[in-house]
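Examining the three-dimensional arrangement
Residues per chain are reported as follows:
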There are 4 protein chains.
Amino acid sequence: MSGKVRARDLDIPFEGTPGRWNAITDVPGVRVGHTTLIRDGKSDASDAVRTGVTVVVPKPRTEQEAVFAGWFRLNGYGELTGTAWIDEAGLLDGPVVTTNTHSVGVAHAAIAAYAHGRRLGEERWSLPVVGETWDGYLNDLWGDNVTSQHVLSALAEAQDGPVAEGSVGGGTGTIAYEFKAGIGTASRKVSSASDYTLGVLVQSNQGRREQLQIAGVPVGREFAEDRTKEPDSGSIIGIVATDAPLLPHQLKRLARRCALGLARSGSVSGHGSGDLFLAFSTANDGQVEGPKERRLAALPEDALNPFFAAVVSGLDESVINSLVAAETMSGLHHRRAVALPHDRLRSVLKRHGRLG
Amino acid sequence: MSGKVRARDLDIPFEGTPGRWNAITDVPGVRVGHTTLIRDGKSDASDAVRTGVTVVVPKPRTEQEAVFAGWFRLNGYGELTGTAWIDEAGLLDGPVVTTNTHSVGVAHAAIAAYAHGRRLGEERWSLPVVGETWDGYLNDLWGDNVTSQHVLSALAEAQDGPVAEGSVGGGTGTIAYEFKAGIGTASRKVSSASDYTLGVLVQSNQGRREQLQIAGVPVGREFAEDRTKEPDSGSIIGIVATDAPLLPHQLKRLARRCALGLARSGSVSGHGSGDLFLAFSTANDGQVEGPKERRLAALPEDALNPFFAAVVSGLDESVINSLVAAETMSGLHHRRAVALPHDRLRSVLKRHGRLG
Amino acid sequence: MSGKVRARDLDIPFEGTPGRWNAITDVPGVRVGHTTLIRDGKSDASDAVRTGVTVVVPKPRTEQEAVFAGWFRLNGYGELTGTAWIDEAGLLDGPVVTTNTHSVGVAHAAIAAYAHGRRLGEERWSLPVVGETWDGYLNDLWGDNVTSQHVLSALAEAQDGPVAEGSVGGGTGTIAYEFKAGIGTASRKVSSASDYTLGVLVQSNQGRREQLQIAGVPVGREFAEDRTKEPDSGSIIGIVATDAPLLPHQLKRLARRCALGLARSGSVSGHGSGDLFLAFSTANDGQVEGPKERRLAALPEDALNPFFAAVVSGLDESVINSLVAAETMSGLHHRRAVALPHDRLRSVLKRHGRLG
Amino acid sequence: MSGKVRARDLDIPFEGTPGRWNAITDVPGVRVGHTTLIRDGKSDASDAVRTGVTVVVPKPRTEQEAVFAGWFRLNGYGELTGTAWIDEAGLLDGPVVTTNTHSVGVAHAAIAAYAHGRRLGEERWSLPVVGETWDGYLNDLWGDNVTSQHVLSALAEAQDGPVAEGSVGGGTGTIAYEFKAGIGTASRKVSSASDYTLGVLVQSNQGRREQLQIAGVPVGREFAEDRTKEPDSGSIIGIVATDAPLLPHQLKRLARRCALGLARSGSVSGHGSGDLFLAFSTANDGQVEGPKERRLAALPEDALNPFFAAVVSGLDESVINSLVAAETMSGLHHRRAVALPHDRLRSVLKRHGRLG
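Here goes a summary of the coordinates provided. Computed from a predicted model, the values in this text were never measured in an experiment. (Residues numbered from 1 in each chain as written. Chains lettered and ligands numbered in written order. Predicted model: local features only at pLDDT ≥ 70, side-chain atom pairs only at ≥ 80, totals over all residues. Heavy atoms only, no water.)

Let us now look at helix H6 (residues 342-351) of chain B. Residues and elements named next belong to chain B. Those residues of H6 that sit buried are Leu345, Val348 and Leu349. Down the axis, H6 shows its buried residues gathered within 95° of arc, on one side only. Residues of H6 that are exposed and point more than 90 degrees away from the buried face comprise Asp343 and Lys350. One or two residues past the end of H6 sits glycine 353, with phi positive at roughly 65°. (Buried < 20%, exposed > 50% of the residue type's maximum accessible area, 1.4 Å probe, protein only. Helix = DSSP H or I, 4+ residues; strand = E, 2+ residues; numbered from the N terminus. Arc of directions from axis to C-beta.)

Right, let's get into the interface of chain D and chain B. Counting residues at the interface gives 35 residues for chain D, matched by 35 residues for chain B. Taken together, the two surfaces of chain D and chain B that pack against each other cover about 2,800 Å², and 49% of this comes from carbon and sulfur. When the buried surface of chain D facing chain B is broken down by residue, Leu260(D), Val268(D) and His271(D) rank first, second and third, together holding 21% of it. At the junction of chain D with chain B, the criterion picks out 0 salt bridges. At the junction of chain D with chain B, the criterion picks out 15 residue pairs in polar contact (both at pLDDT 80 or more). When contributions to the side of chain D that touches chain B are tallied by element, the ones reaching two or more residues are strand E3 (67-76), helix H4 (248-263) and helix H5 (305-325) of chain D. Looking at the side of chain D that touches chain B, its residues break down into 13 nonpolar, 11 polar and 11 charged. (Contact = heavy atoms within 4.5 Å. Buried area = accessible area lost by both parts, 1.4 Å probe. Salt bridge = Lys/Arg side-chain N within 4 Å of Asp/Glu carboxyl O. Polar contact = N/O pair within 3.5 Å; in protein donor to acceptor, adjacent residues only side chain to side chain. Nonpolar A, V, L, I, M, F, W, Y, C, P; charged D, E, K, R; others polar.)

Turning next to the side chain of Thr172(B). All names here are of chain B. The residue threonine 172 is located in the loop between helix H3 (148-156) and strand E7 (175-176) in this model. Of note is the side chain of threonine 172, whose polar atom sits 3.2 Å from the backbone oxygen of threonine 51. Contacts of threonine 172, omitting those with residues within four sequence positions, involve Thr36, Leu37, Ile38, Arg50, Thr51, Gly52, Ser167, Lys180 and Met329.

Viewed as axis vectors pointing N to C, helix H4 (residues 248-263) of chain A and helix H4 (residues 248-263) of chain C meet at an angle of 55°, and their least axial separation amounts to 8 Å. Of the possible angle classes, the one that applies to H4(A) and H4(C) is oblique. Crossing hand, H4(A) versus H4(C): right-handed. When H4(A) is examined against H4(C), the residues Ala259(A), Leu260(A) and Ala263(A) are found in contact with a partner set consisting of Ala259(C), Leu260(C) and Ala263(C). Of the residues that constitute the contact of H4(A) with H4(C), the class distribution is 6 nonpolar, no polar and no charged. (Axes fitted to C-alpha atoms, helices over the stretch in contact; angles between N-to-C directions. Parallel < 35°, antiparallel > 145°, perpendicular 65-115°, else oblique. Left-handed = near helix turned anticlockwise from the far one by under 90°.)

Residue and element names in this part refer to chain C. Across all of its chains, the model carries 14 aromatic pairs over all chains by this definition. Judged by centre distance (5.7 Å) and plane angle (40°), the rings of tyrosine 196 and phenylalanine 307 are tilted. Note that tyrosine 196 is positioned in strand E10 (residues 195-205) and phenylalanine 307 in helix H5 (residues 305-325), a separation of 111 residues in sequence. Tyrosine 196 gets classed as buried once you look at its relative accessible area, which sits at 7%. Here arginine 209 stacks its cationic end above the ring of phenylalanine 179, 3.9 Å away from the centre of that ring. Here the guanidinium or amino end of arginine 335 rests over the ring plane of tyrosine 137, the centre of that ring lying 4.9 Å away. (Phe/Tyr/Trp six-rings, centres within 6.5 Å; stacked < 30°, edge-to-face > 60°. Lys NZ or Arg CZ within 6 Å of the ring centre and 35° of its normal.)

In short, shape yes, function no, at least from these values alone.
Spelled out as structure tokens, the structure:
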């Protein structure tokens, strides 16, 4: 964070009331860690490294506990491992990792080994959850630059409080709407049956310039220059966390609303994108597994509307935050992705009567 | 029932221990009602009626309460209304009706009207759950013979205790493995985290003669005569009930095991079949809906294996019970579906060392 | 149509180029028919009828031919019958009917009988596709006002060319964003591997006033008066047609984009809504069924992006068209749903620099 | 193979007519390769290696071509990467790898790198398909014994013709029904609209001893000694190949029938199993991707029944072949999994009149 400007600082309007950090870490216990890899070598920049790893840890002591979870595939040209299990058991057991497309394997292996070292007996198993977006426009994607140690380092440094955004972690080299993007996050206070918090974190890499809408204004068409890449080769991974006691099928409902949040910035979920969304609840500590009948806290279905609204606006704000935080970056073959210009953006929004 | 022979009476072996009635009604509160329509008119039997309605009521006071539910489509050339809601909310709210393919509409309308009369305010709505199998080999399917009154009558007469099997209710005119079939049921005591009961009811209308296996013995090929119909034009609807406190995603897991139970009698789930399975739990009375956070009872995932075994053998036994109970029937155009011959069946099983 | 103002007449901007009628009927062969029921009786308006039936016929000779189809459930508190079959076979066989929640049964029965009369031999079956939205705010939903004849009449009158919008057919009594809504339609010319047409039709009944966005402008909050109903008790059914040769799994991809189109008018798909979307292709005439290996036309996946964009903007424009066409209506218990005021809307859009 | 006994050599009866090798490689172009890792170190066998990699290559020149595919999750405590893409596009692009649970990561990375070297430009991506079963009873699962080179070696050696079965490749250390198991395969000639071939390959690791049925005979209970492990910690991966021109949604239907085939050997798909099935078609060479409208061959839905039967019996025979081929193995901590005794098995089947 460190004083970085965020979307609300630019008076971009969003619905809802954020938590303290306006971040997924506002959900008590949720931690986020990044490993950011930026390296240059050859003068032709054919080996430029612009990638990394982001880890979202659902619970302080996730080593001992699974949490309820559900996911949704809006478009599947992407990977999120572990989903067969999430669908089956409604459980998420361990950290969620996001990285580049070709580092899924090394991240998977690193988390499996970590699970062994920390927690699991010899005869247990681990089914890591690893998602990805493609960062090969700026990053030497085939260079095997992410190592097991980078994954464990992101995990070790995961913390609560403010979350670094923009060109960090798994979003170091990503591009959305042909602007430099990356990691973004937001949170909402939710008043339903009681008071809860819901947080969102995205690794954004989706969309074409002319599609970009902010606060309903088609701003993308105002920025015709510095376009970067082929249509819709990108993707978005979104993670939703809440401390409300939601059951697995309800978390699927939340994950599905991420699609509506993504639509707000103009994406049509291009055919080559991996737009995958995961939602989990930190409630029901230590109650979701074990040998005996137990008592779970639960919300009824008709308490969910405020959560749906929170997902939609929180996902949207996370995407815009990822754009606002990122700075212009050059990388592989000296290609460049420019930052969304804050002043011009404000001027466009003002012209449309949409500055907050 | 009334003294009718059942599969176990013929010493056909099945795994597991049944409840008192070896019926879905062994799950406390679950009731079953049938309306059976058998009428003859013209001498060419072109208007023969061999159809009806079966109703499974999840709870004594289901008017006030929904139950958790989940479903599975093994093959979808069939109809089970209300599933969009079951998938979304994990809830089943009211009776489950099975009838013939072309009476889905009238049953749907009848249940909607019933819901209005009994329970729902003017601004509430009803999404009835109605399944079907095709009985047009013996029955004048296009004759509009099932009326709203027939549906309400099955509902009014729903009761606990023994359940009539064979050519009754929605199974009046159905045929499985080219033998006369119909309604069948079974139950299992399940010892898991605690002691529970699981019951199954089927409306069986699937399979070709040569596919039929009973207790693992390929008995169908021993009965080459009296074959009836085109391959795989039939279907099966299976309903699973339990008093164990299972969550919606767990009930989906149970419903999926019905496929394994169906495989035991030899079906390959033909392309034209509607093999649809629904599972619900009667636990968590009055807790699944409402305005506030509440406490649910729940079982962990690793308590489910005994339930899976109960579904597989219970579904299989229900299918065999539907065959054993049905008697030879002639109907539309004087076509005939013969009963599975009990003595010859026993003799085939004995030859294969498979009499219990 | 008859001179009715549409969204584009108000200079509301939408992406893409419409076909001749800017209607689903721009897809060659697709026809639409409505039965509109508006009746008044008692002075307390306790029996006011504001409902109807809309039918979309996929092909001129659909009696002989199925078409490829796919569907998507954004939220499942609603009904769309026939989906088990659509999922299984990727086929849609006959007209798609939309009506009110409690007339699903009568419509289902009417279509089954129609299929018999027109086309099917005695041993064939029909699995009608019937969707619904809840119109009980203005309409005496429990009054059994829709009859089989009304359904067949809509079918008989189905035609190509302009499509009546607003308070007609299944949308006669529906309300969206607390304004009077109903049926809306739009179309897009799609240039992909070749030139195609894509059309959309909605029966819109979703959302709360403050959620409404038009052309990205949060117009709902500008209209604080004349609010009508409880939050999110409504739903939307969307139907997408195209003459491009898309396979079933590709049509599912199109159906899923309807969610992104719905998001554009501000809906978060409330928990009690039935937001269900169906897409079909009229291509591959007479090739999708039959006994032998055949040749299908097909588009590759990477030709789909222009279709996705067409679905998103076409669905959005259909929703806005349903609002623009509808006039203020009073009904049950003299309740009233007001029309979206055209002039004030234009003025709000103008203020935001969003008049086309 | 090399003279190894197979299930049919023991006169175990199965339905259908196999192809030349009774193996998945009977489907023209499909190749299979194994890397088998068996190593011993310490005297307490705490580092015993009993694992490996199996690769199924869909087409001779798969580097240039994707194939249509579909998959089914019977139970999801397992991993099959790449499924989001398979669901979305109906395409499989490259080899299918199976290995142990904790080598998914290294296999994923190896295949991504291989795709780069062989075929893909810098800006393309790879979404490898890697499945797993847990072999930690006999194998030091946490030992990182599978390397990238092992994966590439299995790929390099992939060939048509006979397929090695039992304790080879990814099945080196697996156990089914508490007997030593591993890789098994089978094929069927399918006469439908024309003559086709369908092949199956499994990596079998599922079930408890008392569940085992062979040819419908409950043989497991006859072998009370030498039991090995906790209930249902295992899994099965099944791969179905055919040269029939099936579309993605039809291949899903085939994959779903694997559940019925698995049921034949007695599994109830235990809660901790990863029972995942993938089906692909080698037809429509070079037609499934590309820029323009093209012509696909296709079969109608009602040609599928013979394929369903082939999947069910082919999957079953593959499982039994994996048991028949495997020999007794000791491994980690000197634990032992015994081979299914051929003579005693024949004697049990003979007693039940079930020797072919």
